[in-house]
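# Overview (structure and organization)
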There are 2 protein chains.
Amino acid sequence: MKHGFTTTVLLALFFSINSVLLTLPLRADEGMWTFDNPPAKQLKDKYHFAITQVWLDHVRLSSVRFNDGGSGSFISPNGLVLTNHHVALGQLQKISTQEKDYVADGFYAKTETEELKCPDLELNVLMSMENVTSQILGAAKPAMAPKEAFDARKAAIAKITEESLKKTGLRSDVIPLYQGSEYWLYRYKKYTDIRLVMAPEQQIAFFGGDDDNFTYPRYDLDMAFFRVYENGKPVHSENYLKWNSAGANDGDLVFVSGNPGSTDRLQTMAQLEFLRDVSYPFRFKRFDRLVAMLKRYSQLGPEQARRAMVRIFGINNALKAWGGEYKGLLDTALIAKRQEGENAFRDKVNSNPEWKNEYGSAWDSIAAAIERSKSTFKQANYRNLPGRLAGIATTIVEYVEEIKKPDGERLPQFQDAKLPSLKFYLLSPAPVYSDLEEYSLADGLQESLEELGPNDPWMQTVLGNKAPQEVAKELIAGTKLADPKFRKELIEGGKAAVNASTDPLIVLARKIDPMARTMQQWREINVTSAIDQASELIGKARFAVYGKTVYPDATFTLRLSYGTMKGYPMNGTIAPAKTTMYGLFDRALSFNNEGEFALPKRYFERKDQLNLATQINFVSTCDIIGGNSGSPTINEKGELIGVIFDGDIESLPGRFVYDETANRAVSVATGAMMECLRKIYDAKALADEIEEAGVHTASK
Amino acid sequence: MKHGFTTTVLLALFFSINSVLLTLPLRADEGMWTFDNPPAKQLKDKYHFAITQVWLDHVRLSSVRFNDGGSGSFISPNGLVLTNHHVALGQLQKISTQEKDYVADGFYAKTETEELKCPDLELNVLMSMENVTSQILGAAKPAMAPKEAFDARKAAIAKITEESLKKTGLRSDVIPLYQGSEYWLYRYKKYTDIRLVMAPEQQIAFFGGDDDNFTYPRYDLDMAFFRVYENGKPVHSENYLKWNSAGANDGDLVFVSGNPGSTDRLQTMAQLEFLRDVSYPFRFKRFDRLVAMLKRYSQLGPEQARRAMVRIFGINNALKAWGGEYKGLLDTALIAKRQEGENAFRDKVNSNPEWKNEYGSAWDSIAAAIERSKSTFKQANYRNLPGRLAGIATTIVEYVEEIKKPDGERLPQFQDAKLPSLKFYLLSPAPVYSDLEEYSLADGLQESLEELGPNDPWMQTVLGNKAPQEVAKELIAGTKLADPKFRKELIEGGKAAVNASTDPLIVLARKIDPMARTMQQWREINVTSAIDQASELIGKARFAVYGKTVYPDATFTLRLSYGTMKGYPMNGTIAPAKTTMYGLFDRALSFNNEGEFALPKRYFERKDQLNLATQINFVSTCDIIGGNSGSPTINEKGELIGVIFDGDIESLPGRFVYDETANRAVSVATGAMMECLRKIYDAKALADEIEEAGVHTASK
């Protein structure tokens, strides 16, 4: 359930259609709460737990965001970080080679010197949150047209982030919350020297494979350990979560602190219907094709299979999640619940003449903007060059153009405050697989040709009179962009260097850049700005009608969820709150220890040393979604009892509506992690470091 | 998923509304086939298995019907029979006392002398099948009205069964198949001296309780062993299934030979709609109330809880099955499939003028009869006296009246050929719990009062001016029917003795008997005979249109199912074909070894001696339903590899439509039965007897 890889894709798909506040008084255990507005009342009323600022600060500063999509936490004073194996997967793949496959075989550094540096992993710790709503919204004057207001807000955001970066040296992001009716400045401590300490075999981390993904009961050891370095040394992480191998038990209050990627709980019915009728069917079509392409490529040989594996994993993960979400959208009860919510909200707005006048037309404005967006849906989604090298080429061409403009007028991702992270990505030394690049590009162009037709101007620009395969072959064979040094020269050489370049991918990116800009402009005027403005109005209406009693939709920023460790009704019976390592062996042998259900050999070799009654996975009612992967699961004392790695199949419609009946977050339990570190992986030094920093000293 | 207890109830509920043939060409692995018409072609085409008459005869003669609802098989030459614990449950309860609870504690007879005789268990072995369609249908002349034809067929059935009994000494039943378009004479060898050899604790037999009932993956040891005696000695059972502890594996062809209770696959849409709109909602209302009553009673003390437990088990079992079936009826896809089938069938009938003239109106006749039935639905279902004693009283009063009539004119259950089994039931020495009788009767009368109102003549006859509780108290306190000797005197004394009796339950049964007869008469004229006639026409139409390529609906008679041992898609992932004993410990500990998920102590004490990799349960695509409980699961060689004990939750709509995707039959594997007999229960003599008669000699 990793969030990562889909982020950029989704942004493109949705035209940044923002969602709108609708929710009525909350049910128990619902919510992904910002740390400035924790659910203190709910915790007190339901759990008699008085949450304190000290507790909140400690948990926040112990929490880590994995910038390529995921969460984690510090678990020792020496910069040791725990996350999921599947959050680490991209980096594991990048440091693997044909000879040494850390994904399949796992890795353990007995000493710090053996730890492996990740090529392009950025970690963030949220240091502060500041409400900057008045500065941002104040920048747009009432008389302005939507597009003018849009530009004014963009400029204000750039100014605030740039000033903050200069002043504090911290990564500074302005985050729209409550559908753009609030804006917050989040400052992050950023780390880029991250080293791998330990990862188990993917077979045990992703035990059960695509089949078991997003389901429960579960038996996965989805864990990975990194260490954060600064100036060549492990950081002293003052705030870290104390490990408690005893875990938790049925009925216990638990918390999750992490970065849920996105939810659509507050969108209007028009937006939901767009998702159901246009967006999801489109995604299935596109990504099914992508998987088919990658599987064909994988069949070329074992090294090709290794290269494609992480992408296939990511796409299948997304497809299964979307499948569950889409089922939610097709569920008439879910849609009826949302419709009732919207009707009640609009009725309240319309019953007050002042509100009606100010906010009443916002829903129709959104519906109209969505209708307009459909006319360019195909162009917006099929006029792109797939693959990592093509993405780099396009970004460099945009970069040299944008960088000349005043900060506030640039495309958001090129604003000064974003440049360090952007360059970290552009200059990543991670390996490039040219054959896979060519394969992907060829199939992507073929797909665009089928969808746009040969007469589409973009298509003609890209292909000329050639076939997609031919164009892809020439582009990838001719480009030098696989070399980070070459990219660096282009970036530093600026527009002159890019204009002079004869690199075929750069030449092509130059040609199509104007068309992309025209499309971007059209969308900002006709869609994005109108939806932003209407959403902001609906957000304000919500505050007027219901007060600030709820949480904003997820934005891949730090949130706190709470709930109970608790089973649930499942497929005719009940699912238990937890599973044990007995179940791991049962499920492996039930499937003849084959395929995705095969255990690494050493599990059988060392079975008799294991305490099979040890808890391995558990579920809680905590409200999470993709992006929360790797989040610490925490008890009342702020101790670590597990790491979030999945939701159950019943949680997938949670993107639209949280239903406590069966929506569950799935964690790996500390107990099984410690048991296996010691008895399967002989990772004594790591286990000792964790337990010495923890609260529970197990017999060693 | 026991069939037993619901049979009589269901017959009352449905007015014996027979179902009608509809099915089109069969899917793979579908069908509950009679032994005279096995699916030889399907087995050859799909599995390359040539089924032989020798194989069929051996399996048939090794199969046993438990007459109170269930199936079983001979597994040694010394009359040893295997069935489910939950099929044995009623007898276990009847031989238990306040001091010795064999249900909770289990039982094992180390020697034959220790075996415990069951009070009223009848076992049947199907010795022969004879097509008597022409005699039965020929008895009804074309000129007859439906009711006349109904009576003529009834008389012909009585004559055939009585003649057969006299001639062969075998229990003889005439079975309507294919919705009454065929009639078959089934002759059974009958055994009534059945002794308990071994039963484990209910905790392990019904591990997971109501929650896990009708679901999978599963970890139950739902087994019980009986021995069949004749003339005080174990019978020599020439035909028995050889035990194979090695079991089967994924993809293997397997068979089930047993007695599926009833299915509704061939009913008309009008009949399905009646089930959906009237029958199922009625059942939920009635049985929810029954459970509530029994739970109140159970709270009076541990002995009361013990007494009520078996009934609660049975009702909850039925309620869960009905819940799954009802879900099927509410499934628009299922209903659409059935509607399409009916439409196609009727179109074919109507396209042939001769068929149209002969059969075309049958569907409307059934719809009209169902419509008529609704006017007396409440009277038919609420004018009854609940409880075992009241049932005995009613039956005795009917008996002495019916026995005077010519055999062919009696109510079917009082025909000569049925009398031995009827008396076996009426004279059973099984204990009667007077307090529970009173409790049930009081609540049942209260329910009737609420439904029928105080002015209903039956209600007035039963209550007079008294309250239900008062009447129940007087009836149960005053009756001597708990004593089998008293029942015997009444039966032998005939109508004179019954008329002279002042036993209050007999007096009341006499008073209400005429009303019941009037209702029975009304139903036969207005509903049953019309539906029987129309159903027979539809059955004939089906043979005309499709030929005899399918199997009849289930009738609690011996059938053969076949299929593959095979997992299936389940709740977002896949269920394995089998489970292991590791999973038993996982599920117990996942629920803290508490409640229905607690294991008997000795499982933990002896855990280290067990091979936990042993297969415990497995699933196959074999087509089964309640009544199949205890059926042997058999491999190609005719060896025993398991015992059927349940279907998965996805199998419940199988009452109406078989869908191979996820409809699975669940068996206990021979492997775990043997492992536990030897290592948990120290049942060496039993295990040796089984294995010496078997094909696989495991290390002992």
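Described below are features of the structure shown in this document. (Residues numbered from 1 in each chain as written. Chains lettered and ligands numbered in written order. Predicted model: local features only at pLDDT ≥ 70, side-chain atom pairs only at ≥ 80, totals over all residues. Heavy atoms only, no water.)

### Points about the overall build of chain A
Summing up its helical and strand segments, chain A has 26 helices and 20 strands in all. Scaling as 2.2 N^0.38, a compact globule of 700 residues should have a C-alpha radius of gyration of about 27 Å, and chain A matches this with 25 Å. Across the 700 residues of chain A, 62% fall into the buried class. Summarising the internal contacts of chain A: among those between residues at least 6 apart in sequence, 80% fall at separations of at least 24. Only carbon and sulfur atoms are counted for the fraction: they give 53% of the accessible area of chain A, which is about 25400 Å². The centroid of the 84 positive side-chain charges in chain A is displaced by 3 Å from the centroid of its 90 negative side-chain charges. (Helix = DSSP H or I, 4+ residues; strand = E, 2+ residues; numbered from the N terminus. Rg over C-alpha atoms; globule rule 2.2 N^0.38 Å. Buried < 20%, exposed > 50% of the residue type's maximum accessible area, 1.4 Å probe, protein only. Contact = heavy atoms within 4.5 Å. Areas by Shrake-Rupley, 256 points an atom, 1.4 Å probe, with all protein chains shown as cover. Lys, Arg positive; Asp, Glu negative; His and termini not counted. Charge placed at Lys NZ, Arg CZ, Asp CG, Glu CD.)

### Focus: the interface of chain B and chain A
Contacts between the two partners involve 33 residues from chain B, matched on the other side by 33 residues from chain A. Taking both sides of the interface into account, the surface hidden between chain B and chain A amounts to around 2500 Å²; carbon and sulfur atoms contribute 53%. Scanning the region where chain B abuts chain A turns up zero salt bridges. Where chain B touches chain A, the interface holds 24 residue pairs in polar contact (both at pLDDT 80 or more). When contributions to the side of chain B that touches chain A are tallied by element, the ones reaching two or more residues are helix H9 (209-212), strand S15 (573-575), strand S16 (578-580) and helix H23 (581-590) of chain B. For the side of chain B that touches chain A, the element with the most residues is H23(B), which contributes seven residues. Along the lines of polarity and charge, the residues of the side of chain B that touches chain A split into 14 nonpolar, 10 polar and nine charged. (Buried area = accessible area lost by both parts, 1.4 Å probe. Salt bridge = Lys/Arg side-chain N within 4 Å of Asp/Glu carboxyl O. Polar contact = N/O pair within 3.5 Å; in protein donor to acceptor, adjacent residues only side chain to side chain. Nonpolar A, V, L, I, M, F, W, Y, C, P; charged D, E, K, R; others polar.)

### A look at the sheet that holds strand S12 (residues 253-258) of chain B
All names here are of chain B. Ordered by their spatial adjacency, seven strands build an open sheet running S13-S12-S18-S19-S20-S17-S16, and the pairing between neighbours is antiparallel. Either end of the sheet is taken by a strand with one partner, and the two such strands are strand S13 (559-564) and S16. Strand-to-strand twist of the sheet, defined as the mean angle between neighbouring strand axes without regard to direction, takes the value 30°. Bridge analysis of strand S18 (residues 632-634) against strand S19 (residues 640-647) gives three bridges, and the strand direction is antiparallel. Its bridge partner being in S19, Ile634 is matched across the sheet by Leu640. (Pairing = 2+ DSSP bridges. Axes fitted to C-alpha atoms, helices over the stretch in contact; angles between N-to-C directions.)

### Overview of helix H22 (residues 504-546) of chain A
Residue and element names in this part refer to chain A. The sharpest bend along H22 reaches about 50° and sits at Glu524. Near the N-terminus of H22, the side chain that reaches the backbone nitrogen of Leu505, with its oxygen 3.1 Å away, is that of Asp503. Just downstream of H22, Gly547 is the residue with a positive phi angle, here 75°. (Bend = angle between axes of the 7 residues up to and from the residue.)

### Some points on the pattern of salt bridges
The tally for this structure, following the rule as stated, stands at 119 salt bridges over all chains. A salt bridge links B:Glu342 to B:Arg346; its shortest N-O distance comes to 3.8 Å. In this pair, B:Glu342 and B:Arg346 both sit in helix H12 (residues 332-350), four residues apart, roughly one turn of the helix. For B:Arg346, a relative accessible area of 22% translates into the label partly exposed. Ionic contacts of the salt-bridge type, sharing partners, join the residues A:Asp29, A:Lys46, A:Lys566 and A:Glu660 into one network.

### Points about the sheet that holds strand S12 (residues 253-258) of chain A
All names here are of chain A. Spatially, S13-S12-S18-S19-S20-S17-S16 is the arrangement adopted by the seven strands of the open sheet, whose pairing is antiparallel. The open sheet terminates on both sides in strands that have one partner only, identified here as strand S13 (559-564) and strand S16 (578-580). Across the sheet, the mean angle separating the axes of adjacent strands is 30° when strand polarity is ignored. One ladder, built from four bridges, connects strand S17 (residues 615-620) with strand S20 (residues 665-669); its direction is antiparallel. By the bridge assignment, Phe618 is partnered in S20 with Ser667. Strands in contact with helix H23 (residues 581-590) are S16 and S17; relative to S16, the strand with the most contacts, it is inclined by about 70°.

### Observations regarding the pairing of S19(B)
Residues and elements named next belong to chain B. In terms of burial, S19 is a largely internal element, eight of the eight residues being buried. Here S18 hands over to S19 after five residues, with Gly638 in that stretch at a positive phi of 80°. Where S19 meets strand S20 (residues 665-669), five bridges bridge the pair, whose relative direction is antiparallel. For Gly642, the partnering residue across the bridge sits in S20 and is Ala669.

### Considerations on unusual backbone geometry
With an omega of 0°, the peptide bond between A:Tyr216 and A:Pro217 qualifies as cis. Relative to the elements of secondary structure, A:Pro217 occurs in the loop between helix H9 (209-212) and strand S10 (224-230). Even without glycine at this site, A:Tyr178 takes up a positive phi of about 45°. Here B:Asp682, not a glycine, exhibits a phi torsion of approximately 50°, which is positive. Looking at the secondary structure, you find B:Asp682 in the loop between helix H25 (670-679) and helix H26 (684-693). A residue is classified by how much of its surface remains accessible, and B:Asp682, at 46% relative accessible area, is partly exposed.

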